[in-house]
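# Notes for the structure review
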Amino acid sequence: GAGVSQSPSNKVTEKGKDVELRCDPISGHTALYWYRQSLGQGLEFLIYFQGNSAPDKSGLPSDRFSAERTGGSVSTLTIQRTQQEDSAVYLCASGTEETQYFGPGTRLLVL
Amino acid sequence: AQSVTQPDIHITVSEGASLELRCNYSYGATPYLFWYVQSPGQGLQLLLKYFSGDTLVQGIKGFEAEFKRSQSSFNLRKPSVHWSDAAEYFCAVGDYGNKLVFGAGTILRVKS
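Residues numbered from 1 in each chain as written. Chains lettered and ligands numbered in written order. Predicted model: local features only at pLDDT ≥ 70, side-chain atom pairs only at ≥ 80, totals over all residues. Heavy atoms only, no water.

### Thoughts on the interface of chain A and chain B
With 18 residues of chain A at the interface, the matching set in chain B holds 18 residues. Between chain A and chain B the total buried area reaches about 1,500 Å² when both faces are included, carbon and sulfur atoms providing 55% of it. Counting across the chain A and chain B interface gives zero salt bridges. Going through the elements one at a time, β4 (31–38), β5 (42–50) and β9 (100–102) of chain A are the ones with two or more residues in the side of chain A that touches chain B. Tallied by class, the residues present in the side of chain A that touches chain B amount to nine nonpolar, five polar and four charged. (Contact = heavy atoms within 4.5 Å. Buried area = accessible area lost by both parts, 1.4 Å probe. Salt bridge = Lys/Arg side-chain N within 4 Å of Asp/Glu carboxyl O. Helix = DSSP H or I, 4+ residues; strand = E, 2+ residues; numbered from the N terminus. Nonpolar A, V, L, I, M, F, W, Y, C, P; charged D, E, K, R; others polar.)

### Considering the state of the cysteines
Tallying each qualifying case throughout the model produces two disulfides over all chains. Between the sulfur of cysteine 23 of chain A and that of cysteine 92 of chain A lies a disulfide, 1.8 Å long from S to S. Classification of the bridge connecting cysteine 23 of chain A and cysteine 92 of chain A rests on its S-S torsion, roughly -65°, and on that basis the disulfide is left-handed. Residue cysteine 23 of chain A is found in strand β3 (residues 19–24), and its partner cysteine 92 of chain A is found in strand β8 (residues 88–95); the two are separated by 69 residues along the sequence. The pair cysteine 23 of chain A / cysteine 92 of chain A is uniform in exposure class, with both members buried. Across the disulfide from cysteine 23 of chain B sits cysteine 91 of chain B; the S-S distance is 2.0 Å. For the disulfide bridge between cysteine 23 of chain B and cysteine 91 of chain B, the dihedral angle about the S-S bond is near -65°, and by the sign convention the bridge is left-handed. In this pair, cysteine 23 of chain B is assigned in the loop between β3 (19–21) and β4 (24–26) and cysteine 91 of chain B in strand β10 (residues 87–94), connecting sequence segments 68 residues apart. No difference in accessibility class separates cysteine 23 of chain B from cysteine 91 of chain B, as the two residues are buried. (Disulfide = S-S within 2.5 Å. Buried < 20%, exposed > 50% of the residue type's maximum accessible area, 1.4 Å probe, protein only.)

### Remarks on the side chain of asparagine 75 of chain B
All names here are of chain B. Along the chain, the position of asparagine 75 falls in strand β9 (residues 73–78). Among the residues examined, asparagine 75 registers a relative accessible area of 15% and is labelled buried. Within the structure, the side chain of asparagine 75 is placed 3.3 Å from the side chain of glutamate 20, a separation counted as a polar contact. With residues near it in sequence (within four places) discarded, asparagine 75 still touches Glu20, Leu21, Arg22, Cys23, Trp35, Glu64, Ala65 and Glu66. (Polar contact = N/O pair within 3.5 Å; in protein donor to acceptor, adjacent residues only side chain to side chain.)

Next comes the structure, spelled out in C-alpha cells:
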C-alpha cells in the first residue's frame, strides 16, 4: 500500500519567510510524528499527534514552529520567520503506537 | 533521559564479509529498540525492532540484532554484506506510543 508522503520534496526560501510542509500519513495510522534531521544535531523529535489527544510539542525548538493535524489525517508543519539554522530535512512518520514508518522527507534550505 | 550511542561514525567492510554495527542505549525501563537504514536522499526504512520476548530478532534484507540487557546493547549484524547495503544506519530507542530517540548514525561503506 501507499507509504507516508511528504511535500514538497525540496523547498528553498529566503530568511524571514514562512514555510509550510505537508505530511500525508498511511491510512488508518493514528499516530503522526515530525522529526528534523540536520548535520549538527542529528535526528531530533519535534512533535507527536495521537488521535484526538493534545499533541506532544515538547521537541519544538521555538515558538516559530507549529504543527496541526486536520481530521486525524494530514499534517502541516509551519515555520514562521525562517532562519538559516532551520535548514534541515524534515521527516514525518506515521504508525501504530509501537512502530513508526517514515516518509522521504522535505529538504528545506533557508538562504 | 533516554539516549543512544553508536560509537562508530564510519565503518568500511568488504563485500561478502560479515558486519556488526554497535548500539548502546540508556533507558530506565524495558525499551523498544529499532534499527533504521537511510540511503542518500531517502527517508528512514525500518530494518527490525525489539519489544519483548526472544532477544535475537530477524529483520529485512538479512539483518538481525540481539538485545543484551546486561550490556544495554542492541547490535545489528549481517553475515554477508552486499554492495547495496551501503547506507547510513540508525539505532533508536523509544517507549510505547512515544517519540524515538536516535543515535548519531553509522555510515557503512562496502568495498568490492
